[in-house]
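Examination of the molecular architecture
If you want the building blocks of each chain, they are given just below.
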Amino acid sequence: NAGVTQTPKFRILKIGQSMTLQCAQDMNHNYMYWYRQDPGMGLKLIYYSVGAGITDKGEVPNGYNVSRSTTEDFPLRLELAAPSQTSVYFCASSPTRIPYEQYFGPGTRLTVT
Amino acid sequence: AQSVTQPDIHITVSEGASLELRCNYSYGATPYLFWYVQSPGQGLQLLLKYFSGDTLVQGIKGFEAEFKRSQSSFNLRKPSVHWSDAAEYFCAVGDGAQKLVFGQGTRLTINP
């Protein structure tokens, strides 16, 4: 049972490039989430999904897109990368029962220069 | 809207000393409350959770937290810290649906 996995661990992008951050979970959780973590700012929710085919915006969705074609996978797409997207990105999943505690992946550190 | 305040950005304690990290939340109903720990370069690990029942909750690594409704608090405690407890600690509250709202975190440094 690998839990939540994320790839890549590190990535450097040039301004204007695009990339997809991969996230997968093997716990059969319906709920999945993407966060970004900036120093001293805690975690901000980018997008979340309550099941395959269903996604919704979080607090900071601009510049990102997601899709959820399977229960296991929840990729995050960055189009036209900007320096403001330099951050650490975490994927999480939670079961469909209270209190919906979330389980986190190891993170992807992204630098846009 | 729900919110979480962790008043202490950085705390330093000596190894073997007791620890209390503060967390205050804002939520209209009975909250779902969580503490997570993040070691350097790692993801967040769930320490403990509260959603009903006994207001004193035991977690992993010897941590406990107490839910005090009258004070809107969910403080994290440990009787004796170890050098390996140095990390960042996040308090979070459920929004009544499937999302969590996180505090800004408290960085814990342990003096030898």
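Residues numbered from 1 in each chain as written. Chains lettered and ligands numbered in written order. Predicted model: local features only at pLDDT ≥ 70, side-chain atom pairs only at ≥ 80, totals over all residues. Heavy atoms only, no water.

Bringing the pairing of strand 3 (residues 19-25) of chain A into the picture now. Residue and element names in this part refer to chain A. Only one face of strand 3 is covered, namely the face carrying Met-19, Leu-21, Cys-23 and Gln-25; the face carrying Thr-20, Gln-22 and Ala-24 is uncovered. As defined by bridge partners, strand 1 (residues 4-7) adjoins strand 3 across 4 bridges and the pair is classed as antiparallel. Each residue of the ladder has a partner; that of Thr-5, found in strand 3, is Ala-24. (Buried < 20%, exposed > 50% of the residue type's maximum accessible area, 1.4 Å probe, protein only. Helix = DSSP H or I, 4+ residues; strand = E, 2+ residues; numbered from the N terminus. Pairing = 2+ DSSP bridges.)

In this structure the tally under the stated criterion is 10 salt bridges over all chains. With its nearest N and O atoms 2.9 Å apart, the salt bridge here joins Arg22(B) to Asp8(B). Taken as a pair, Arg22(B) in the loop between strand 3 (19-21) and strand 4 (24-26) and Asp8(B) in the loop between strand 1 (3-5) and strand 2 (10-14) lie far apart in primary sequence, 14 residues in all. The class for Arg22(B) is partly exposed, based on a relative accessible area of 38%. Lys78(B) is paired through a salt bridge with Asp85(B); the nearest N and O atoms lie 2.8 Å apart. Residue class for Lys78(B) comes out buried when judged on its relative accessible area of 10%. Its relative accessible area of 3% is what places Asp85(B) among the buried residues. Here the salt bridges do not stand alone but share partners, grouping Arg97(A), Glu101(A) and Lys49(B) into one network. (Salt bridge = Lys/Arg side-chain N within 4 Å of Asp/Glu carboxyl O.)

A few words now on the environment of Ile9(B). All names here are of chain B. One can find Ile-9 in the loop between strand 1 and strand 2. Ile-9 sits in the exposed class, given a relative accessible area of 65%. Remark: the alpha-carbon pair of Ile-9 and Gln-104, spanning 95 residues in sequence, is separated by 7.8 Å. If we skip the residues at most four places from it in the chain, Ile-9 touches Gly-105, Thr-106 and Arg-107. (Contact = heavy atoms within 4.5 Å.)

Residues and elements named next belong to chain A. Note on placement: Tyr-33 falls in strand 4 (residues 31-37). Measuring from C-alpha to C-alpha, the distance between Tyr-33 and Asp-56 comes to 9.7 Å, with 23 residues separating the pair along the chain. Within polar-contact distance, the side chain of Tyr-33 engages the side chain of Ser-94 at 3.0 Å. (Polar contact = N/O pair within 3.5 Å; in protein donor to acceptor, adjacent residues only side chain to side chain.)

Before going further, it helps to spend a moment on the nonpolar core. If you look at the biggest cluster of nonpolar residues, it comprises 26 residues, and the most contacted ones within it are Leu19(B), Trp35(B), Leu47(B), Leu48(B), Phe74(B), Leu76(B) and Tyr89(B). At the level of elements, strand 2, strand 3, strand 5 (33-38), strand 6 (44-50), strand 8 (64-68), strand 9 (73-78), strand 10 (87-94) and strand 12 (106-111) of chain B are the ones that each hand at least two residues to this core. Sorting elements by how many residues they give to this core places strand 10 of chain B first, with 4 residues. Apart from residues lying up to four places away in sequence, Leu47(B) is in contact with Trp35(B), Tyr36(B), Val37(B), Gly59(B), Ile60(B), Lys61(B), Phe63(B), Leu76(B) and Tyr89(B). Judged by nonpolar contacts, the second largest core, of 20 residues, contains Leu43(A), Leu45(A), Ala92(A) and Tyr100(A). (Core = buried A, V, L, I, M, F, W, Y, C linked by side-chain atoms within 4.5 Å.)

In this structure, the largest pocket encloses a volume near 590 Å³. Of all the elements in the fold, those that place two or more residues in the lining of the largest pocket are strand 9 (87-94) and strand 11 (108-112) of chain A together with strand 10 and strand 12 of chain B. Sorting elements by how many residues they give to the lining of the largest pocket places strand 11 of chain A first, with 4 residues. Class assignment of the residues belonging to the lining of the largest pocket gives a composition of 12 nonpolar, 13 polar and 5 charged. What the second largest pocket holds in volume is close to 250 Å³. If you go around the second largest pocket, you meet 17 residues; those closest to its centre are Leu43(A), Glu59(A), Leu100(B), Val101(B) and Phe102(B). Of all elements in the fold, only strand 5 (43-51) of chain A together with strand 1 and strand 11 (100-102) of chain B reach the threshold of two or more residues within the lining of the second largest pocket. Taken together, the residues of the lining of the second largest pocket break down into 8 nonpolar, 5 polar and 4 charged. (1 Å grid on protein atoms, 1.4 Å probe; cavity = no way out; pocket = protein on both sides within 12 Å on 5 of 7 lines; lining within 4 Å. Points joined across faces, edges and corners; volume = space filled by probe spheres on them. Nonpolar A, V, L, I, M, F, W, Y, C, P; charged D, E, K, R; others polar.)

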